[in-house]
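The residues making up each chain are set out below.
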Amino acid sequence: MSRRHLPYRRPLLATLAAFAVLTGTAAAAPADTPRAPAAAATSLGALDDTYYQDALGKTGTALKGALHTIISDQSKLTYSQVWDALKDTDQDPSNSSNVILLYSGRSEPKSDNGGGVGQWNREHVWAKSHGDFGTATGPGTDIHHLRPADVSVNSIRGNKDFDNGGSQVSGAPGNYTDSDSFEPRDAVKGDVARMILYMAVRYEGDDSFADLEPNDQVSNGSAPHIGRLSVLKAWSQEDPPDTFEKRRNDVIFNQYQHNRNPFIDHPEWVGAIW
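Predicted model only: the values in this text are computed from it and were never measured.

K.L.:
Just to check I follow, could you spell out the side chain of serine 104 for this structure?
P.N.:
Here serine 104 lies in the loop between strand 2 (95–100) and strand 3 (107–109). Judged by relative accessible area, serine 104 falls into the buried class, the value being 19%. Here the side chain of serine 104 touches arginine 106 through a polar contact of 3.3 Å, landing on its backbone nitrogen. Not counting the four nearest positions on each side in its chain, serine 104 is found in contact with Gly171, Ala172 and Arg185.

Rendered as C-alpha cells:
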C-alpha cells in the first residue's frame, strides 16, 4: 500500500492551524444550516498538493483505488471512544454543550447520550448489519459514518436502505420511511450520500472486513451493499457540502482519524467514480 502522502500530514496540519489563526472563524453556512464553530479552515489547494496528489486527474476505478489507498491510512477508535468524538464532530454551533442530531436536527445536550427515549446514541449510517461488521474497530467505529441520532428515530431507521418516499417519521419532521427504506430530511441528504460513498471507497475487502459497495436496490439485508445508488447520487448533487459538514471533516482529520471524506472536499468525484 502506497504511503506517499504520509510526509505531508504534519506540514499540512501546521499550515491549517496557522491559517486558522490568521483568518479567525469559518465562513457562514447557508441560512438553513447552523454556522459551525470556529475550526482550522482547510485549503483545498493545499490538500490537492499533498493529501490528494495521487488521485488528481483520475476517474473511475483508478480514482477509487487511489482514494482507497489515501484514506485507508487512518487512526482507529474504539466504540467507546466514539461517544466523545461525536461530541466534538457534531457540536451545535450555537451551543457548545450540545450536539446536533442527524435525522431530527434537534440540539441535544452532549451529556444526554445513552439508550433511553429522548436521548441520543450512535447511528451507523452504513447500517452495521450490511456486511456484518457490528461495532468492531474499523468500519464499526469509523466516525466518518457515525452520527448522533435520536434513539427512537435511530430505531425506526434500523438497517433500512436509503430511498425516497414513505410516511413521515414521528418526532423527526422531513424524514420518511416505509417497510424497506428511509429518506432523511433535505438538509442532510447529501451528508448521508457522501458518508455511504466514503464507506464504499474505504472498505474494499482487503482488511478482513467485507467489500462494501452501493447498489441500486433496497432490501439488501446482511449483504455488504446499501442502496439506492441512483438516489444517493441525486442527493449528493441536491445537497452539496455545507459549513457544518466541512468542519466535521476537518475535525475528524485534525483530531481523530487523520483521514478525510474525499466526497466532501471534491463532490464531483461522486460522478467521476459512479
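K.L.:
In this structure, what is going on with the pairing of strand 4 (residues 120–124)? I would like to understand it.
P.N.:
The two faces of a sheet get side chains in turn, since along a regular strand they alternate between them. Extensive coverage of strand 4 is indicated by the burial of five of its five residues. Both strand 4 and strand 5 (residues 146–150) contribute to a ladder of five bridges, which runs antiparallel. For asparagine 121, the partnering residue across the bridge sits in strand 5 and is alanine 149.

K.L.:
Just to check I follow, could you spell out the sheet that holds strand 3 for this structure?
P.N.:
Across a sheet, strands are paired by hydrogen bonds formed along the backbone, either parallel or antiparallel in direction. What the three strands build is an open sheet, ordered 1-2-3; its pairing is antiparallel. With partners counted over all chains shown, the strands left at the sheet margins are strand 1 (91–92) and strand 3, one partner each. Both strand 2 and strand 3 contribute to a ladder of three bridges, which runs antiparallel. By the bridge assignment, isoleucine 100 is partnered in strand 3 with serine 107.

Cut-offs used in this document
Per chain, residues are indexed from 1 in the order of the written sequence. The predicted nature of this model means local features are confined to residues of pLDDT at least 70 and side-chain atom pairs, given and counted, to a pLDDT of 80 or more, with totals for whole chains, interfaces and linings taken over all residues. Excluded from the side-chain calculations are hydrogens and water; all other atoms, namely the structure's heavy atoms, are used. Helix numbers and strand numbers start at the N terminus; a helix is a DSSP run of H or I with at least 4 residues, a strand a run of E with at least 2. Any residue under 20% of the maximum accessible area for its type is buried, any over 50% is exposed, and the rest in between are partly exposed; the area is computed with a 1.4 Å probe on protein chains only. Whenever a nitrogen or oxygen atom comes within 3.5 Å of another N or O atom, the pair is scored as a polar contact, on the condition that within protein one atom can donate a hydrogen and the other can accept it, and that pairs from neighbouring residues in sequence are kept only if both atoms are in side chains. Contacts are assigned to residue pairs that have any heavy atoms within 4.5 Å of one another. Between any two strands, at least two bridges found by DSSP are needed for them to pair.

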